[in-house]
Amino acid sequence: MTKSLRQSTLQTLGLGSVTDIFRGGRLPADAGDLVDRVFGGPADRGSLVISGANGIVGSGKMIQLSARLEPFGVRSISLARPRTADGIGPHYPRLVEAVGRERADRIMGNIVRMTYDGNSLPADLGKWHPRFLLEAIPEILEVKKEHYRLFRDAFPGIEIRSVTSGFPSSELGVGVAHPAFPHEINKIWEIVEDKTSPVTQLLWALGLIPVPVSDAWSFVLDVLFCGMTLAGLRYHRATNMPFWKIDKYVRKLAGPNPFRAHDVIGAQGANFLTWSCLHHLAQQYGPLFRPTPELCQRKQTSQNWYPLDHLRPLVDWPLDRDAEEGFADWILGAMFQMASLLLHERRGHLSHINAIGELCAQFRRGILAMIRSVGAEGAIRRVEAYHRLHPEAAGRSWYPAAFEQIESPEWQQLYVNAEHDGTVGVISIGRESYNGDVDAELNRAIDWLKAQRIDRVILTGDFHLATQMVGADTSEFFPALEDAREGHRLAAAWTATARRLYNEFKVSVGFIGGKRCLGGFLELLMHCHYLVAVDDAALGMPEVTLPVVPGMEGCHWPFRKANPAQWPKLVRLLLCGAPVKAPEAVEWLIDYAGPMHESLRTVWRLVNGDAAGLPMRRVDEGSLQGIPADVGVPASDNPATEAARKAILDSIRASTTVPLSDALEVQARHSAGFIAGSFCREGSIGAEHKKTMGL
């Protein structure tokens, strides 16, 4: 039996535990089998139909799903009204960039376009044997219901899901698959159904991210995104601050640009959908969600929120500290109250609620992570301050008791879970970039396993919310741009966490099962005794391109594990920043690369003490000599790149020529010194800091 720190998000999809995946040596759902279940076998393969396929949502999902279903022989049928402009064709150039012209042509050629009058279905639709309808027509409830009747009468037994932005499944009479924007790229789908269906498991097996949520008016994403927009609108009414400037302060405070996002999506559709969500939420939950007159007006006029650049003032006075605190009351007070409603109604797994804000609404940290950072009492005080500013919101939909369980594992482990079967532990990380929250949760997960007397561990992504590991969250470096002590603290603390994987377990095995593992995450995983990757994973250290100097021992730890003959490859990896495919990295960066099922079995054998012909590469704890400097890397005409290369080489020399016991301090000092220097401040991290925090 598997014991877990908190429920795995995979279990909400009926896919078992992460331990089950390694123990069984295979993924819990197969795309081919599920395509057969949803669309029929090869001899009787049915089709996918997307109605409203010329709209923003319908066309985006057409591209995303067609690209994944075409290899299985599933036709995609685009159904649209004749008066609508082509929404699918404009996606073609981007599709070519993503998959190449030949593959893009094959995907587009698999889409059959049909028009209908809204009252009856095309006569020849039946020849494609529709098995699954994804409905993306306008948000008019009775029109939707009539649409479902047409399909059920014509194709009894067809699976139907709505992408609706607000209506609950109980009103629609069908399940919901609510996707996040941008629709052709974002993999998140909020799912409402009585029990996990083959359709939902197929989405997961195709590499998408279905997230079960409860059946309620509007959805988690819309409460957070539309709620943030509404909070900004209320601040505008109170202060007359222009929308573009509100965006700047919201970005600094939490991450999103709600008004700019409406303009980018398309004000005509986005303004209406935000109004619609808030309108229905207000009917259900009261004034907390009531749309402001500005939104009601723009719902009608489709006017953009941002003026032209040349119409913005050249002089822009910032808020003082007290005014910024008042701004936070308006914005975070409203958001924390809305989060209390989501928790009170148990809208979803806490990790799901938190991740949706980050993956879909551009929150720098999820809403629950923000609440956790200030504590239950701090969150309640913030909402109470909001109520003094907006008394109407105090009457309904405020549930301070929802924060009482903030010390529970569900709250404390939003990103990192741990489980074990009595012998082997598995730590799974459900965030694609490493930050302070992940670091703290990883330490708690290790502590829990140690308390459970587990001395064998696998470190992996969670097979659900994190489909890749892209490195450190660069916003964590913002304080270090101005204060080298902060950079030193960060590098030393994160490295100390990583070393626990090597020092505190008898056997630790890192597993890279996604499409890429870069930077800080690769540094973390290489601290495991073994590192295994699927053979199509890309591995890299892109710090030189930012530019920064690796701060989690990337400049010396892999050298201490590799044969000296392989050191030039490591130097090139660090100085060039270009990734390598996993099979090319075997024996000098990782220990094994292979297909998914073979890699999973290898991990399980290794963690259980079967070396499987792979000797454990021990870390040389002494000082190393002979690290090459000239490895054939061509000079760059970018001064920042050349400065970063020199700094990385300096860090390599300094941290490899001292004993391991001193290397942590040495590499932390080098990393911190470069981050606080001019080249980093003028690079991409400095530019992002200025854009985010500079007002």
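These notes cover the structure that comes with them.

Reading the values: rules and limits
- Residues numbered from 1 in each chain as written.
- Predicted model: local features only at pLDDT ≥ 70, side-chain atom pairs only at ≥ 80, totals over all residues.
- Heavy atoms only, no water.
- Helix = DSSP H or I, 4+ residues; strand = E, 2+ residues; numbered from the N terminus.
- Pairing = 2+ DSSP bridges.
- Contact = heavy atoms within 4.5 Å.
- Axes fitted to C-alpha atoms, helices over the stretch in contact; angles between N-to-C directions.
- Core = buried A, V, L, I, M, F, W, Y, C linked by side-chain atoms within 4.5 Å.
- Buried < 20%, exposed > 50% of the residue type's maximum accessible area, 1.4 Å probe, protein only.
- Expected span 1.5 Å × (residues − 1).
- Phe/Tyr/Trp six-rings, centres within 6.5 Å; stacked < 30°, edge-to-face > 60°.
- Lys NZ or Arg CZ within 6 Å of the ring centre and 35° of its normal.

**Things to note about unusual backbone geometry**
So, step 1. For the peptide bond that leads from F181 to P182, omega is -5°, which places it in the cis range.
So, step 2. Looking at where P182 falls in the secondary structure, it is placed in the loop between strand 7 (175-179) and strand 8 (188-192).
So, step 3. L546 connects to P547 through a cis peptide bond whose omega is -10°.
So, step 4. Locating P547 in the fold gives a position in the loop between strand 18 (538-540) and helix 21 (557-561).
So, step 5. Positioned with a positive phi, S218 is a non-glycine residue whose angle comes to about 65°.

**A short note on the sheet that holds strand 1 (residues 3-4)**
Hydrogen bonds along the backbone pair up the strands of a sheet, which may run parallel or antiparallel.
So, step 1. Taken in spatial order, the 7 strands of this open sheet run 1-10-11-13-15-17-20, and their pairing is mixed. In this open sheet, the two strands that pair with only one neighbour each are strand 1 and strand 20 (592-594).
So, step 2. Bridge count between strand 13 (residues 456-461) and strand 15 (residues 507-512): 4 bridges; the pairing is parallel. Counted as the bridge partner of R456 is V507 from strand 15.
So, step 3. In this fold helix 18 (residues 436-451) packs onto strand 1, strand 10 (416-420), strand 11 (424-429) and strand 13, with an angle of close to 15° to the strand it touches most, strand 10.

**A word on the nonpolar core**
So, step 1. Formed by 232 residues in total, the largest nonpolar core has its most connected members in I367 and L539.
So, step 2. The element best represented in this core is helix 14 (residues 321-344), accounting for 13 residues.
So, step 3. Contacts of L539, omitting those with residues within four sequence positions, involve I512, C517, L518, L522, L573, P579, V580, A582, A585, L589 and I590.

**Regarding the sheet that holds strand 19 (residues 580-581)**
So, step 1. Spatial strand order, 16-18-19: 3 strands in an open sheet with mixed pairing. Pairing within the sheet leaves two strands with one partner each, and these edge strands are strand 16 (516-518) and strand 19.
So, step 2. Where strand 16 meets strand 18, 3 bridges bridge the pair, whose relative direction is parallel. The residue bridging R516 from the neighbouring strand is A538, located in strand 18.

**What to know about helix 15 (residues 350-361)**
So, step 1. The terminal C-alpha atoms of helix 15 lie 16 Å apart, and with 12 residues this matches the ideal 16 Å at 1.5 Å per residue to within 8%.
So, step 2. Of all 12 residues in helix 15, 11 are buried; the element is thus mostly enclosed.
So, step 3. Considered for burial, the residues of helix 15 that qualify are L350, S351, H352, I353, N354, A355, I356, G357, E358, C360 and A361.
So, step 4. Packed against the buried residues of helix 15 are strand 8, strand 9 (209-212), helix 9 (220-239), helix 14, helix 16 (367-389) and helix 17 (409-412).
So, step 5. Positive phi appears at Q362, one or two residues downstream of helix 15, with a value of about 70°.

**So, the pairing of strand 13**
One face of the sheet, then the other: side chains in a regular strand alternate in exactly this way.
So, step 1. Most of strand 13 is tucked away, with 6 of its 6 residues classed as buried.
So, step 2. One ladder, built from 6 bridges, connects strand 11 with strand 13; its direction is parallel. The partner of V424 across the bridge, within strand 13, is R456.

**What about the packing of aromatic side chains?**
So, step 1. Tallied over the full model, the rule gives 19 aromatic pairs.
So, step 2. Considering the side-chain rings of F22 and F511, the 5.5 Å spacing of their centres and the 85° angle between planes classify their relative orientation as edge-to-face. In this pair, F22 sits in helix 1 (residues 18-24) while F511 sits in strand 15, placing the two residues 489 residues apart along the sequence.
So, step 3. The class for F22 is buried, based on a relative accessible area of 1%.
So, step 4. Note that R298 overlies the ring of W305, its terminal NZ or CZ placed 4.4 Å from the centroid.
So, step 5. The ring of F505 is capped by K450, whose NZ or CZ atom sits 5.2 Å from the centre of that ring.

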